[in-house]
Every structure is written in C-alpha cells, then in structure tokens.
Amino acid sequence: MADLEAFRQETREWLEANCPEEMRKPMQSEADAVWGGKKFKFSEPQKLWLDRMAEKGWTVPEWPTEYGGGGLSKAEAKILREEMQRIKARVPLQSFGIWMLGPALLKYGTHEQKLEHLPPIARGEIRWAQGYSEPNAGSDLAALMTKCEDKGDHYIVNGQKIWTSYADKADWIFVLVRTDFQASKHNGISFILVDMDQPGVTTKPIKLISGASPFCETFFDDARAEKHNLVGELNRGWDVAKYLLTHEREMIGGMGSGGMRPMGDIAVQQVGLNETGQLADPFLRADVARAEIDGMAFMFTMERVADEAKAGQGTGANSSVLKYYGTEFNKRRLELLMDSSGSDGLEWGGEDDVARGWLRSKGNSIEGGTSEVQLNIIAKRILQLPSA
Amino acid sequence: MAMVLNEEAGMLKDAAKGFLTGSAPVSQLRKLRDEKNEDGFDRKTWSAMAEMGWTSVLVPEDFGGVEMGYVAAGVIAEEMGRTLTASPYLSTAIMGATAFSRFGTDAQKSEWLPRIAAGDAITAIAVDESGKHAPSKVATTAERSGNGFKLNGRKTFVAEGHVADMLIVSARTAGSETEAEGITLFLVPRDAAGVSVERSDMVDSRNSARVTLDNVEVTADAVLGEVDGGLKTLEGVLDAGRAGLSAEMSGSAQQCLETTASYLKERKQFGAIIGTFQALQHRAAHLYSEVELGKSVVLKALQTLDAAPDHAAILVCAAKAKMGQVAQLATQEALQMHGGIGMTDEYDVGFFMKRVRVAEALYGDANFQADKFARMRNY
C-alpha cells in the first residue's frame, strides 16, 4: 500500500507538471477527441499531451512496456485514472486500436505482431478501422463472404465491408475474411490486418439520419495482405472476432453513462420548476427520475461486473447485458433529452445538437450486435436455454 | 469498496441458504397460512436464527452482538427472499437494531440491544396511518402529560405488530398534520394500557397489524431520538428497512428467474422444449438483465449504509425503486411463462407474487421512492 501511495504522489506531481492547461478543459464536442493516425490534425497542446503520455506508456497504462504500454497493475492504472480525473485531464488518445485490436493482439498475436502493431497504436501514429459487417452479414456476422486467397507469399482480398467506423480516416483495418468456403460458416473465417494505403482499398462515407457520417463502406479489390499479418490460426478467426466483440460491446454499452450532464439538470434548465419546487412537467419528472435511477443501477452494474472479473467471479456473457442495457438506456436518455428540449431540440444547427445525438443513439442498439442478438446470447450462454 | 461479497459474507450466504432451504422453505409459509398460525411465523425457526447470530448481525459487540453490518444483513434478507421465510427479522434484527444502536440512549441500548441479539425481543415500527406510505403525515398526537406524554391515534400496516414486545411509534408533538417538523418517536410496550393491536389478514400471509392508541401514557424516557426532530431518526430506521426489503426482493426476483428458466428447459409444447422459442428466450433474457441491474444498486446501497450511512439515503431510494419494479416484473414474468400452472395455489409462483407486492408497498413503493429521489435531486 505504501508503494501505491508513493505511486499516487509521483503520478500527481508528474501530471501537474506535464498536462498542458488546454488539456484540462472539458471537451466542447466529440470533435475535440484525439483519435490519432496519419491523417489526424492535432492541435499543439493535443500533440504535446499525447507525446508526453505515450512516452510514459500511459496512453495504454496496462499494456506491457515492451509493446508501448505503461506496464501498470490494475491498482496503479486506477490511481492514474483518478489522478487524471482530479485535474480534469483529458484522455490523451482514444482509438479502436486501444479498445479493440490491442486486447485481441495481446491475447492472440505473436510476439512479432505485437512488436510491429502495438507501439504505433500506443503512440497514436496508426489509426485502425474495423472490417466486420457486410451488406449481407449484419446480425448474422458469420455469414460474411469477403474472400481471402492464398497467393503463396501473400494474400489477396476481395469483397465489401459496411458500417466500418471512420474508415475514411483510418490507416489500417482489421478484417474478417473467408479463407475456406467449404467449411461450416464459423470454421472458415480468418482475422487479418490490411494496410489501407493501397489502390485495392477504397472507402465511401455513409450519410446517416443524424446528418453525420461516422460509418463507411469499404471496398477490397485485389487488395494485398501480408502473410505475417494473419492473427491467430488460419480459419480460426471467429475466436478472435468473438473475443474482440466482447470488448466492443462493453465500449458501446458504456457510452452515455460516464461524464454526462444529468438528465434532471437539463430538464430543470429547459422546463423549469413549479411553485412547489418540482419539475413543471409532472410526467416528464417521473420519467426522468426513473431513468436516472436506472442510469445509476447501470453504472453500478458496470462497476460490479468489472470487480467480479477482477475477483475471478464474472461471466464473459455479462458484456451482453451491458451492451443490451447500456444501448437501450442511452436511447431512452436521448428521448428524454428531446422531450425536455421541446422545439429547441428540433433545430438542425451545429454538430452538438440534441437532435443529432438523439438520431445517432438509434444506431447503438444495432451496431456491435443488435439488442436481439445480445438477448440471444444471454438466453443461451447465461440462462443456458436450449437451441431450436 | 469492491462490489463483490467478501469471504465472510460469502460464507454467511452459503450458511443462510443451507439453513433456509432445509428448515424454512416456501412450504413452511404455506403451512403457517393453511393452519392459520396465530404467531404468523415459526418460533423454533426464529430461535435457530438467533442462535446462528442473525438477530445480532447489526448489534454492536458491546451489547452482545456480532455487528457484521448491512451487507451481511442484506445477504440474509436476500436468502429469506428466496424461501419467503416468515419471521420478525426485518422489523427486529434490521430495523429495531438500527433504531437502538444508531439513535438510542445508553440506557435504551443496554435494555434492548442484548434482548434483540438474543432473539428474546421483537420490535415493530408503527409509522403509517393511511394506505399510502407517508412518514411525515402524522395525525397521531403525543401531548405532554406530567413528566411524560399521552398518545392518541391509529396506525396501520405495522409489520409484526401483533407479535411485538415493543412498538416504535411516530406521533406529533408539534406542528400540523403534514409538517416534517414536530414528529417524535416513542417506545410503546405492546401491552401498555390503552394499546390495542388487531392483526390484519394480508395477501402475502405475513404479519401486519392495525394499532390503536387510546390515551397511552409513556414517560419521557420512552422518547427515541429528539423531541420534535423524530423524522430524521425515523428515516434512518426506515432506510435500513427499505434496504432490507430491497435485498429480500432481490432474492425473490432471482428465485423466480431461476425457477422460470428451469421450467423453460423442461416444459414441452408443439413438440419442442418451450425454452427453444425465441419469444420466451428474449423475455427471460430481458428479465435477467433487469435483475442484474437491481442486484447492483441494492449492493451499493447496503455497502453505503455500512461505509457512510449519512450518504445512503438517495441510494436506498434508488435501490427500493429499482428492485421493487424488477421484482414485480420477475413475479409477473414467472407467472406468464409458467402458463396455467402458475395460476394454481399448489405452485409457489403465486406466493412470490403476493409477497413481492407487499414488500414493494412497505415503507414506500417505487413511485414514492422515485418522487423522493427527484426531490433529493432538486427537481
């Protein structure tokens, strides 16, 4: 414990000395988030903060130091998070590389693959996209048909991916491809890393009902992939995909919980209080109170699931509960913000519009496995109900 | 604090489960109901609970208790919710012990806590005066009389009222009927002159009573907490009870979910196990998710009662609001997915539905809690 206290003290001093003032101000919008990559336009303080944190390995505090991480224990990483929150320091870097590919490579990658790909993720040099869904393989992801052929010293990839988040801004993409068309559908899939900087890979943004284009279509026309960039065993990519999906689900489920302004406060600002000090719209008041209670219960569930995992008591399928409930809850939250905002919320203005957030939230219960797919997983893996 | 049970609480859980499923399962409640048992609980079971230390779980060691705290108290309540065991555990071991240990004078502690710990005394909280829980709505009066007070009024929905040795009664010493100030708590022996207690026949077959106070004389020593400032004390006692009820409902909800999942794996219709039908799988999976959320907020409330009781109120509120709704969903879904057999008295599902309805209403239903939550959040 004394060691942890010393670590806290050192961390506090280092953060005070190294976190630029600008990086201690709340983000104004999603546009302030640092995703990194070759195409990313950093502000000066953003770059300074990222470089300093990456130097310590603290963009990925728990990854091993040899792969660009900080090598911190869970307890130390928690202290780092707390100390960052204390001075309201922004997260220096967020990316699919950190959330998704990194954990998968740490579990399934070879030492060489980790050495090649993890440090550039940690330093924010390479931005990754996820190539999973296809036009005819959505909820039924294992029906994917993107073809990957063995050409001796390399692979050739042909096919189309859809809903690839920020693919137009990414440098590399991890792709689920079919390497065996004879095997049963789960047994012919491989997980491969593809450099997007080649003529065989093109992207096209998809405009959503929110007006934004966070997703793309990504096309592979005789795209080349190197042999050493196959992760895990040939035809066993589904294992990697499933593992990675649990991380994605926790990430999407967690959206809409941390750091948000409470619904009740927004409702009071928009609707006002009556003479007895209650929200002037009694039905909205009841809905908001129930939703805030559910929001608390959800937050505590994330905490409990994490603590149980640490204590070795958890079940991996709980990520489906978090994904299901978190996304359904986020939709409900945005509906209530729309209810609170009235016509103010219906204006089509800047990127931070309630309306855009509201429309965007509708995708939460579709992406990363629909709510219905999560319920299937809970029924089968946790409740152990039989398959038809 | 990590949101997992520590080793001690885990062992207590196993012990409680073993005892209750073996010695006090749902069939015991059924038997108490069918033979119209006058006590409404099994005294042998209650003695065994005391011997195992369950009645002293919130009693400090100085007064003969084991003081394991609210998480431990909740673990026992949760297991009781799985077996629907009838006993004065909530009114006495949780609420009575909280009342004396947190708010009692030294004399009151010395007199009552050892008896509670030993299982020799039963306490009951007499707060409500009409159908809907409203702790600040008090028409019962306590007028100063000599060195003490004279109480007049009527109380209802008093859990364990007819078997209690001591009633903890809220009465008005000042102010108008709905004012928060001016309420005082009194210790009134059930056999005091002017006290009449009439047992109510409740849907859950558990104990509840109407209490009438007709010129009941008590001394100044009978005041629990402050004169005129009793609502704060009462809320502290009620919050312990609400947390206990939430834990109990959590157990009932989990039991309903598990029983239903088992039934879905056995029952055949249309030539198939009905658990293969996606319509039922999704109902069960949704219920599972809701139960997980309920469990989390209940555990957080209990942990906070142990670690920082002054900050627990809003969490207890959230816990009872959430778990009350989740447990009702669980009993309703359990009945629906069992089909016709769930409607029969022979099957246990109905017992859970009835008890959860009462537990949900006791000391404030989900609407009451949500309203209070909103007020605490300033909207």
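Please read all numbers here as calculations on a predicted model, not as lab measurements.

Enquirer: Can you walk me through the overall build of chain A in this structure?
Expert: Of the regular secondary structure elements, chain A holds 11 helices and eight strands. Projected onto its principal axes, the C-alpha coordinates of chain A cover approximately 80 × 55 × 45 Å. When each of the 388 residues of chain A is scored for burial, the buried share is 52%. Here chain A has roughly 17900 Å² of accessible surface; of this, 52% comes from carbon and sulfur atoms.

Enquirer: Where do I start with the domain arrangement of chain A in this structure?
Expert: Interfaces are often sized by the accessible area lost when the parts come together. Residue and element names in this part refer to chain A. On domain assignment, one finds that chain A holds domain 1 (2-94), domain 2 (128-236) and domain 3 (255-382). Computed from C-alpha atoms alone, the centre-to-centre distance between domain 1 and domain 2 is 31 Å. Contacts between domain 1 and domain 2 engage five residues on the former and five residues on the latter. Between domain 1 and domain 2, roughly 400 Å² of surface is buried when both sides are summed, and carbon and sulfur atoms account for 42% of that area. Of all residues in domain 1, W35, K38 and K39 give up the largest surface area on contact with domain 2, accounting jointly for 83% of the area buried on that side. Joining domain 1 to domain 2, the criterion identifies zero salt bridges. Along the contact surface separating domain 1 from domain 2 lie three residue pairs in polar contact (both at pLDDT 80 or more).

Enquirer: Looking at this structure, how should I read the packing of helix α4 (residues 70-83) of chain B against helix α5 (residues 89-103) of chain B?
Expert: To describe two helices that pack against each other, one gives the angle between their axes and the distance between the axes. All names here are of chain B. Remark: α4 packs on α5, axes separated minimally by 11 Å, with the N-to-C direction vectors making an angle of 165°. By the angle class used here, α4 and α5 are roughly antiparallel. Handedness of the crossing formed by α4 with α5: left-handed. The segment α4 lies against α5, with Y70, A73, I76, A77 and M80 engaging Y89, I94, T98 and R102. Its residues assigned to classes, the contact of α4 with α5 comprises seven nonpolar, one polar and one charged.

Enquirer: I keep staring at the domain arrangement of chain B and nothing clicks. Help me out?
Expert: Residue and element names in this part refer to chain B. Per the domain assignment, the segments of chain B are domain 1 (7-122), domain 2 (125-229) and domain 3 (232-376). One C-alpha centre belongs to domain 1, the other to domain 2, and the line joining them spans 23 Å. Listed by partner, the interface residues are 24 residues for domain 1 and 20 residues for domain 2. In total, about 1500 Å² of surface goes out of reach between domain 1 and domain 2, with carbon and sulfur atoms giving 58% of it. On the domain 1 side of the interface with domain 2, the three residues burying the most area are Q108, W112 and I122, jointly 30% of the side's total. Between the two partners, domain 1 and domain 2, sit zero salt bridges. Here domain 1 is connected to domain 2 by nine residue pairs in polar contact (both at pLDDT 80 or more). Broken down by secondary-structure element, the contributors of at least two residues to the side of domain 1 that touches domain 2 are α2 (26-34), α5 and α6 (106-118).

Enquirer: Please clarify how the packing of aromatic side chains should be interpreted in this entry.
Expert: Aromatic rings considered in pairs are described by the distance between their centres and by the relative angle of their planes. Within the structure shown, the criterion is met by 20 aromatic pairs over all chains. An angle of 10° between the planes, with centres 5.9 Å apart, marks the rings of F100 of chain B and W112 of chain B as stacked. One end of the pair, F100 of chain B, is in helix α5; the other, W112 of chain B, is in helix α6, with 12 residues separating them in the sequence. Residue classification places F100 of chain B among the buried residues on the basis of a relative accessible area of 0%. Using a relative accessible area of 5% as the deciding quantity, one classes W112 of chain B as buried. The ring of Y243 of chain A has K107 of chain A lying over it, and the distance from NZ or CZ to the ring centre is 5.5 Å.

Enquirer: Would you mind going over the interface of chain B and chain A with me for this structure?
Expert: On the chain A side, the residues contacting the 41 residues of chain B number 43 residues. With both sides pooled, the region where chain B packs onto chain A buries about 3600 Å², and carbon together with sulfur makes up 64% of that total. At the junction of chain B with chain A, the criterion picks out six salt bridges. Across the pair R377 of chain B and D265 of chain A runs a salt bridge whose closest N-O atoms are separated by 3.1 Å.

Enquirer: Help me understand the nonpolar core, please; the structure alone is not making it clear to me.
Expert: Buried together is how nonpolar side chains tend to be arranged in soluble globular proteins. One finds W54, Y89, L151, F186, V188 and Y363 of chain B to be the most contacted residues of the largest nonpolar core, which totals 158 residues. When residues of this core are assigned to their parent elements, the largest contribution, 15 residues, is made by helix α7 (residues 230-266) of chain B. Those residues in contact with F186 of chain B that lie beyond four places of it in its chain are A142, F149, L151, L167, I168, V169, A171, T173, V218, A222 and V223 of chain B. Membership of the second largest hydrophobic core comes to 37 residues, among which are I126, L141, L144 and W238 of chain A.

Basis of the calculations
- Going along each chain's sequence as written, the residues are numbered from 1 onward.
- Here every chain gets a letter starting at A, and every ligand a number starting at 1, in the order they are written.
- Local features in a predicted model are, by the rule used here, given only for residues with pLDDT of at least 70; side-chain atom pairs are given and counted only at 80 or more, and totals for whole chains, interfaces and linings are based on all residues.
- Excluded from the side-chain calculations are hydrogens and water; all other atoms, namely the structure's heavy atoms, are used.
- Numbered from the N terminus, helices here are DSSP runs of H or I no shorter than four residues, and strands are runs of E no shorter than two.
- Here's how the labels work: a residue is buried when its accessible area is under 20% of the maximum for its type, exposed when over 50%, partly exposed in between, all with a 1.4 Å probe on protein chains only.
- For the area figures, the Shrake-Rupley method with a 1.4 Å probe applies, and any residue is considered shielded solely by the protein chains shown.
- What marks off one domain from the next here is an automatic or database domain assignment.
- In what follows, residue pairs with any heavy atoms lying within 4.5 Å of each other are defined as contacts.
- Reported buried area values correspond to the accessible surface (1.4 Å probe) lost by two parts on association, with both partners' losses combined.
- The working definition used for a salt bridge is a side-chain nitrogen of Lys or Arg within 4 Å of a carboxyl oxygen of Asp or Glu.
- We define a polar contact as two N or O atoms separated by no more than 3.5 Å, with the added condition that, inside protein, one atom must be a possible hydrogen donor and the other a possible acceptor, whereas residues neighbouring each other in sequence contribute only through side-chain atom pairs.
- Note on method: axes are straight lines fitted to C-alpha atoms, helices fitted across the in-contact stretch only, with angles between N-to-C directions ranging 0 to 180 degrees.
- When an angle is under 35 degrees it counts as roughly parallel; over 145 it counts as roughly antiparallel; between 65 and 115 it counts as roughly perpendicular; any other value is oblique.
- Crossings are sorted by hand: turned counterclockwise from the far helix by less than a right angle, the near helix makes the crossing left-handed, and turned clockwise it makes it right-handed.
- When residues are grouped by polarity, Ala, Val, Leu, Ile, Met, Phe, Trp, Tyr, Cys and Pro land in nonpolar, Asp, Glu, Lys and Arg in charged, and all others, Gly among them, in polar.
- Only centres within 6.5 Å qualify two rings of Phe, Tyr or Trp (six-membered ring in Trp) as a pair; their planes then separate them into stacked at under 30 degrees, edge-to-face at over 60, and tilted for everything else.
- Two conditions define a charge located above a ring, namely a distance within 6 Å from the ring centre to NZ of Lys or CZ of Arg, and an angle within 35 degrees of the ring normal.
- Residue types Ala, Val, Leu, Ile, Met, Phe, Trp, Tyr and Cys, when buried and joined through side-chain atoms within 4.5 Å, form a set referred to as a nonpolar core.

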